[in-house]
Amino acid sequence: MQRKNPIGVFDSGYGGLTVLAEIIKKLPQYDYIYLGDNARAPYGPRSFDVVYEFTLEAVKELFSRGCELVVLACNTASAKALRTIQQKDLPQLAPHKRVLGVIRPSTEIIGQLSQTNHVGILATEGTVKSLSFPLELAKFSPETIVHQHACPMWVPLIENGRHLSEGGKFFIQEDIQKIMAKDSTIDVIILACTHFPILKDYIQTLVPKNVKIVAQGAIIAEKLEDYLVRHQELDKKCTKNGEVQFLTTENSEDFDKNASKFLGYAIKSEHVKLG
Ligand code: DGL
């Protein structure tokens, strides 16, 4: 059988597909495996220990399927599990493999996007409480004033396909009003949960015209390209047949139906059991 070393892309559910879509657009030549832990989403309200344990299981699964590089396309997992996996687990598990997250690449450029230097961050409760965004931003752009706001209703609404129902819109409007009320000079809102870009067009209708709504996908894709150029030894190991495989811990038919809304085309996934 032909050897395959795809790039792994992991999220608690569908959200990481917004990142995968941008990565494929930028780097179509690589092979990818997407893994959505839909059965255990949302991760946002879960404790550090649980998010770490679930994320490590997913990383191990992706390693066992030939991935040399895994992107945690999930802010909550990046905030709560990435550092421990990189520092504690990787050296024993697979010292030559790499796991990357989405928070640092985002905070590296957020400061350049705002004219007023007042930025809003919309994320899960877990990401907000971890303070990962303000702490990382303080390194790359200390003059930027950051306002975080947690949107705990959004991921369950999106996972259930109810985000643009009347009820869904009510919660989204309420959260947007809350973040804008914190500081009327905010001119950039970062969708710091990979589920949220599916709401981007709707959110744009709820804010003043000068406020930019920024999704992370294109930023992550660009940083990944740069990373692979700088790490040629790893890049050489990643196979390049342009194939994409999808795994979900939930029912694969449901995943296929919902995933096509994020990707804009039909896919066929397989069920996988973690842990
Ligand atoms: N999409 C994820 C994130 O970027 C996680 C959402 C969740 O499972 O709560 O944070």
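In the block above lies the structure referred to throughout.
Residues numbered from 1 in each chain as written. Predicted model: local features only at pLDDT ≥ 70, side-chain atom pairs only at ≥ 80, totals over all residues. Heavy atoms only, no water.

In this section: the side chain of Ser106. By the element assignment, Ser106 lies in helix H5 (residues 103–113). Assessed through its relative accessible area of 1%, Ser106 is described here as buried. At a separation of 3.0 Å, a polar atom in the side chain of Ser106 contacts the side chain of Gln216. Setting aside residues no more than four positions away along its own chain, Ser106 makes contact with Phe133, Gln216, Ile219 and Ile220. (Helix = DSSP H or I, 4+ residues; strand = E, 2+ residues; numbered from the N terminus. Buried < 20%, exposed > 50% of the residue type's maximum accessible area, 1.4 Å probe, protein only. Polar contact = N/O pair within 3.5 Å; in protein donor to acceptor, adjacent residues only side chain to side chain. Contact = heavy atoms within 4.5 Å.)

What follows is about the site of the ligand. As a structural note, the neighbourhood of the ligand is formed by 13 residues, with Ser12, Tyr43, Gly44, Thr76 and His195 the closest of them. Thr76 has a polar side-chain atom sitting 2.7 Å from an oxygen atom of the ligand. One of the side-chain nitrogen or oxygen atoms of His195 is found 2.7 Å away from a nitrogen atom of the ligand. When the free accessible area of the ligand is taken as 300 Å², the share hidden by the protein chains comes to 99%. Residue composition of the shell around the ligand, by class: 5 nonpolar, 7 polar and 1 charged. (Near = heavy atom within 4 Å. Areas by Shrake-Rupley, 256 points an atom, 1.4 Å probe, with all protein chains shown as cover. Nonpolar A, V, L, I, M, F, W, Y, C, P; charged D, E, K, R; others polar.)

Let's shift gears to the sheet that holds strand S7 (residues 188–191). The 4 strands are arranged S6-S5-S7-S8 in an open sheet whose pairing can be described as parallel. Both outer strands of the open sheet, strand S6 (145–150) and strand S8 (212–215), are each paired with one neighbouring strand and no more. Each adjacent strand pair in this sheet contributes to an overall mean axis angle of 25 degrees, direction not counted. Where strand S5 (residues 118–123) lies against S7, 4 bridges are found, and the strand directions are parallel. If you follow Gly120 over to S7, its bridge partner there is Ile189. Set on the sheet, helix H9 (residues 166–182) makes contact with S5, S6 and S7; between it and S6 the angle comes to about 155 degrees. (Pairing = 2+ DSSP bridges. Axes fitted to C-alpha atoms, helices over the stretch in contact; angles between N-to-C directions.)

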